[in-house]
Amino acid sequence: MVSVRSLTLSASGTALAKAQGISRRTCLQALPIACSPLLLAKQAHAGAQVEEPLIDSVRTALSSAIANQAPPVPEFKDTESRLTYLRWLGAMSDRLKKKKPEWQIRKEFLQTVWYESRRAGLDTTLVLGLIQVESNFRKFAVSNVGARGYMQVMPFWTRVIGDGDPGKLFHMQTNLRFGCVILRHYLDRERGDLFMGLGRYNGSRGKSPYPDAVLGASKNWVFAG
């Protein structure tokens with residue numbers, strides 16, 4: 001296990017749990033899907049996170065998680081952990097080549113996704129599936145409701161927990177950090193319910209097309225080791 005799991009968000013997760021009286025539970029298994037993952041991804045449309053009132057302790061925890069600008073440099077407890085990461089990086093790089101032809105850009109993107117997802121206590125496979133559905137790996141994607149970047153983050157989040165500059169959502173690490181922190185927040189709000197948490201992220205809570213699309217797309221990024 002890499003040391004990045006002990007970074008700031010673990011503290012914010014505790015604050016969130018205390019503030020909202022919730023606990024995480026095991027996420028739902030990926031729902032069976034009749035259609036192919038890629039077809040579902042094409043049919044899905046980026047939604048919009050809904051701006052909701054946040055109590056002060058939750059706002060503070062989220063702001064702290066965003067503000068910690070630790071560089072996305074993986075750290076490992078042993079050689080085997082590092083080798084596992086490098087095998088994962090190679091496998092994911094091959095799968096992403098059509099979307100990002102330049103090796104250095106692919107490497108930086110995957111390294112940051114890996115880092116930020118683990119920092120937020122999220123499954124990296126899930127985050128890659130969400131990015132595929134939300135933006136199809138386009139850094140400067142903008143939805144018809146104004147969501148921005150890889151993880152289609154709504155600009156209001158920069159005002160609520162950031163510095164108020166929505167332009168920064170086109171910065172790779174900033175966008176991935178906001179997206180992962182927000183998804184973790186929604187999963188905590190839903191007590192670990194992946195179906196409901198994904199729906200809340202998309203602004204379609206309780207409806208199946210978006211969670212089905214993300215879970216289906218996630219299958220494209222499973223790493224067997």
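Located above this text is the structure these notes cover.
Residues numbered from 1 in each chain as written. Predicted model: local features only at pLDDT ≥ 70, side-chain atom pairs only at ≥ 80, totals over all residues. Heavy atoms only, no water.

Considerations on the overall build of the protein chain
Line of reasoning, step 1. Each helix and strand in the protein chain was counted, giving ten helices and zero strands.
Line of reasoning, step 2. Starting at the N terminus and walking to the C terminus, you meet the elements of the protein chain as α-α-α-α-α-α-α-α-α-α.
Line of reasoning, step 3. Buried positions account for 50% of the 225 residues belonging to the protein chain.
Line of reasoning, step 4. For the protein chain, the exposed area adds up to about 10,700 Å²; of that, 55% sits on carbon and sulfur atoms. (Helix = DSSP H or I, 4+ residues; strand = E, 2+ residues; numbered from the N terminus. Buried < 20%, exposed > 50% of the residue type's maximum accessible area, 1.4 Å probe, protein only. Areas by Shrake-Rupley, 256 points an atom, 1.4 Å probe, with all protein chains shown as cover.)

Here we look at empty space enclosed by the protein
Line of reasoning, step 1. This model, assessed by the stated rule, comprises one cavity of 30 Å³ or more.
Line of reasoning, step 2. In this model, the largest cavity occupies a volume close to 50 Å³.
Line of reasoning, step 3. If you go around the largest cavity, the residues you meet are Val50, Glu51, Glu52, Leu54, Phe156, Trp157, Val160, His185, Tyr186 and Arg189.
Line of reasoning, step 4. Listed by contribution, the elements that provide at least two residues to the lining of the largest cavity are helix H7 (156-161) and helix H8 (172-189).
Line of reasoning, step 5. Here the lining of the largest cavity is composed, by residue class, of six nonpolar, one polar and three charged. (1 Å grid on protein atoms, 1.4 Å probe; cavity = no way out; pocket = protein on both sides within 12 Å on 5 of 7 lines; lining within 4 Å. Points joined across faces, edges and corners; volume = space filled by probe spheres on them. Nonpolar A, V, L, I, M, F, W, Y, C, P; charged D, E, K, R; others polar.)

Observations regarding the nonpolar core
Line of reasoning, step 1. Residues Phe109, Leu128, Ile131, Met151, Trp157, Leu198 and Tyr201 are the most contacted members of the largest nonpolar core, which totals 52 residues.
Line of reasoning, step 2. Secondary structure elements with two or more residues in this core: helix H3 (56-67), helix H4 (79-96), helix H5 (103-119), helix H6 (124-135), H7, H8, helix H9 (194-202) and helix H10 (209-218).
Line of reasoning, step 3. Ranked by residues supplied to this core, first place goes to H8 with nine residues.
Line of reasoning, step 4. With sequence-adjacent residues up to four places away left out, Leu128 is seen in contact with Trp88, Met92, Phe109, Leu110, Val113, Phe137 and Trp221. (Core = buried A, V, L, I, M, F, W, Y, C linked by side-chain atoms within 4.5 Å. Contact = heavy atoms within 4.5 Å.)

What to know about the pattern of salt bridges
Line of reasoning, step 1. This model, assessed by the stated rule, comprises six salt bridges.
Line of reasoning, step 2. Between Glu80 and Arg87 there is a salt bridge, with the nearest N and O atoms lying 3.1 Å from each other.
Line of reasoning, step 3. Of the residues examined, Glu80 reaches a relative accessible area of 45% and is grouped as partly exposed.
Line of reasoning, step 4. Look at Arg87 and you get partly exposed, because its relative accessible area is 38%.
Line of reasoning, step 5. Of the charged contacts in the structure, one is a salt bridge between Glu116 and Arg177, with a shortest N-O distance of 2.8 Å. Taken together, the residues Glu116 in helix H5 and Arg177 in helix H8 connect sequence positions 61 residues apart.
Line of reasoning, step 6. Residue classification places Glu116 among the buried residues on the basis of a relative accessible area of 1%.
Line of reasoning, step 7. Overlapping salt bridges bring together Glu190, Arg200 and Arg205 as one network. (Salt bridge = Lys/Arg side-chain N within 4 Å of Asp/Glu carboxyl O.)

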